[in-house]
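Breakdown of the fold
One-letter residues, chain by chain:
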Amino acid sequence: MTNIQQIEIIQITPEKLESIIEIAIKKGVEQARNIFSKPSKQEEYLTRKEAAKKLKISIGTLDNWTKSGKLPSHKIDRKVLYKETEIEEFINKASL
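For the structure given in this document, a descriptive report is provided here. (Residues numbered from 1 in each chain as written. Predicted model: local features only at pLDDT ≥ 70, side-chain atom pairs only at ≥ 80, totals over all residues. Heavy atoms only, no water.)

What about the packing of helix α2 (residues 48–55) against helix α3 (residues 59–68)?
A pair of packed helices is characterised by two quantities: the angle between their axes and the separation of those axes. Contact pair α2 / α3: the axes reach a minimum separation of 9 Å and the direction vectors enclose 100°. When the axes of α2 and α3 are compared, the pair comes out roughly perpendicular. Counted together, Arg48, Lys49, Ala51, Ala52 and Leu55 of α2 and Ile59, Leu62, Asp63 and Trp65 of α3 form the full contact between these two elements. In terms of residue class, the contact of α2 with α3 is made up of 6 nonpolar, no polar and 3 charged. (Axes fitted to C-alpha atoms, helices over the stretch in contact; angles between N-to-C directions. Helix = DSSP H or I, 4+ residues; strand = E, 2+ residues; numbered from the N terminus. Parallel < 35°, antiparallel > 145°, perpendicular 65-115°, else oblique. Contact = heavy atoms within 4.5 Å. Nonpolar A, V, L, I, M, F, W, Y, C, P; charged D, E, K, R; others polar.)

As structure tokens, this is what we get:
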């Protein structure tokens, strides 16, 4: 079995070739920007006091909502913390 490669020869002006290369480079740079410019948001955690304040509720109500599963919490070491993004999602759902 022989491996035959087909070569196509086309005529192109230097200006057209330059334009094709420029477009390819711009696309590559734009893709790289999209990949690397996205800020890596580190998750922020709130204490019980901060979460209650953000939700404008008492700590007792916060504890009740946590125990009932209405609001997710995270135990880190011996502290109960709340993800800020989950608090914001909760607020957005409640305002619908």
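From this point, the narrative continues.
Description of the packing of α2 against helix α4 (residues 84–94)
Between α2 and α4, whose axes approach to 11 Å, the crossing angle comes to 25°. By the angle class used here, α2 and α4 are roughly parallel. Classified by chirality, the crossing of α4 by α2 is right-handed. Residue-level inspection shows Ala51, Lys54 and Leu55 of α2 in contact with α4, the latter providing Glu84, Ile87, Glu88, Phe90 and Ile91. In the contact of α2 with α4, the residues fall into 5 nonpolar, no polar and 3 charged. (Left-handed = near helix turned anticlockwise from the far one by under 90°.)

Some thoughts on the sheet that holds strand β3 (residues 79–83)
Each strand in a sheet pairs with another by means of backbone hydrogen bonds, the pair being arranged parallel or else antiparallel. Overall, antiparallel pairing links the 3 strands, which are arranged β1-β3-β2 in an open sheet. On the outer flanks of this sheet lie β1 (45–46) and β2 (74–76), each paired with one strand and no other. On top of the sheet, α4 reaches β1, β2 and β3; it is set at about 60° to β3, its chief contact. (Pairing = 2+ DSSP bridges.)

Overview of the side chain of Thr66
Position of Thr66 relative to the elements: it lies in helix α3. A distance of 2.6 Å separates polar atoms of two side chains, one belonging to Thr66 and the other to Tyr82. Dropping the residues within four chain positions of it, Thr66 is found in contact with Leu71, Ser73 and Tyr82. (Polar contact = N/O pair within 3.5 Å; in protein donor to acceptor, adjacent residues only side chain to side chain.)

Digging into α2
For α2, the set of buried residues is Ala51, Ala52 and Leu55. Summarising the axial view, the buried residues of α2 lie within an arc of 100°, below the 170-degree limit, and thus occupy one face. Projecting away from the buried face of α2 at angles above 90 degrees are the exposed residues Lys49 and Lys53. At its buried positions, α2 is contacted by β1, α3, β3 and α4. Looking at the residues trailing α2, positive phi occurs at Lys56, about 60°. (Buried < 20%, exposed > 50% of the residue type's maximum accessible area, 1.4 Å probe, protein only. Arc of directions from axis to C-beta.)

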